[in-house]
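# Report on the structure
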Amino acid sequence: MLLYYSFGKIDNGDKMILYEDILKEENKQDNEILRLKAKAVELPLKEEDLNTLSLIKEYLDNSYDEEAIKKYELRPGVGLAAPQIGVSKKIFGIKVYDENKVLHEYYVINPKIISESVETTYLPTGEGCLSVARDVQGLIFRPKKITVRTHLYNFETKETSKVVLKLKDYLAVVFQHEYDHLQGILFIDRINNEDPFGIPENSSPIKMG
Ligand SMILES: [Zn+2]
């Protein structure tokens, strides 16, 4: 794959992203890219950034398609950030059902978290990441509610809009996990190694329906 050598540009023609193409922190060269602070995206969107968004959407769409998972040997994901496919830019996608089984799909450009609750939440099973292949155990505590200012790309209207999102619980956790990727942070960095399963007083678990 040429992905590593092409910052800001995916030089792989129309090839779809497979699990093996996603950068892994266990690999030194991959990790260097995963650890960069991603650059802001220029608007209006350029073709190469639209291409990045499309590759991310395709991976997330396939993650909900049993046949595609089997055919392409995908590890399904609910979010994927541009740095994970070798593009160090402030772009990510999330496609996720919340605890009320409502689907949320966002293609996010240049996000900024502008406020967050003191109360935190966590996934009782811990978090996972397409860029971390090894088994890392421990809980991650994140603000339960966040307010975000961002641009979103809509694949149906092909328009980019500026919005303020208020997110909570599982959706807020997934958003913050992807947002971390843009700062070069991985969930494993947020585990307290001294006490990986200790739960702070201000935290309550996410209850999936
Ligand atoms: Zn991740």
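Note: the structure precedes this text.
Our subject in this report is the structure included herewith. The written sequence of each chain sets the order in which its residues are numbered from 1. At least 70 in pLDDT is required for a residue's local features to be given in this predicted model, at least 80 for side-chain atom pairs to be given and counted, and no such filter applies to totals for whole chains, interfaces and linings, which use all residues.

Before going further, it helps to spend a moment on the sheet that holds strand β8 (residues 203–205). Here, any two strands with at least 2 DSSP bridges between them count as paired. For helices the rule is a DSSP run of H or I covering at least 4 residues; for strands it is a run of E covering at least 2, with both sets numbered from the N terminus onward. The mixed open sheet is built from 3 strands, whose spatial order is β5-β4-β8. The outermost strands of the open sheet, each flanked by one partner alone, are β5 (142–143) and β8. The pairing of strand β4 (residues 120–122) with β5 spans 2 bridges and is classified as antiparallel. Residue T121 lies in a different strand from β5, and its bridge partner there is R142.

As paired strands, strand β2 (residues 91–97) and strand β3 (residues 103–116) are joined by 7 bridges and run antiparallel to one another. In the sheet register, Y97 faces β3, and the bridge partner there is L103. Counting the residues between successive antiparallel strands, the hairpin from β2 to β3 contains 5 residues, one of them, K101, with a positive phi of roughly 65 degrees. Here 6 bridges tie β3 to strand β6 (residues 145–154), and the two strands are oriented antiparallel to one another. Within β6, the position partnered with V108 by the bridge is L152.

What follows covers helix α2 (residues 47–62). An α-helical turn contains 3.6 residues, so any two residues separated by three or four positions project in the same direction. For a helix, the expected span equals 1.5 Å multiplied by the number of residues minus one. Relative to the 22 Å expected for 16 residues at 1.5 Å per residue, α2 spans 22 Å between its end C-alpha atoms, a close match to the ideal helical length. Listed as buried for α2 are D49, T52, L53, L55, I56, Y59, L60 and N62. Buried means a residue has 20 or more other C-beta atoms within 10 Å of its own C-beta, exposed means 12 or fewer, and partly exposed covers the counts in between; C-beta atoms are placed from the backbone.

As a further point, take the sheet that holds β2. Taken in spatial order, the 5 strands of this open sheet run β1-β2-β3-β6-β7, and their pairing is antiparallel. If you trace the sheet from one side to the other, it starts and ends with β1 (79–81) and β7 (159–168), each paired once. Strand-to-strand twist in this sheet, taken as the mean axis angle between neighbours without regard to direction, amounts to 35 degrees. Two strands pair when backbone bridges link them, and β1 and β2 are joined in this way by 3 bridges, in the antiparallel orientation. Bridge pairing links L80 to G93 in β2. Between N-to-C directions, angles cover 0 to 180 degrees, with each direction set by a line fitted to C-alpha atoms, over the stretch in contact for helices.

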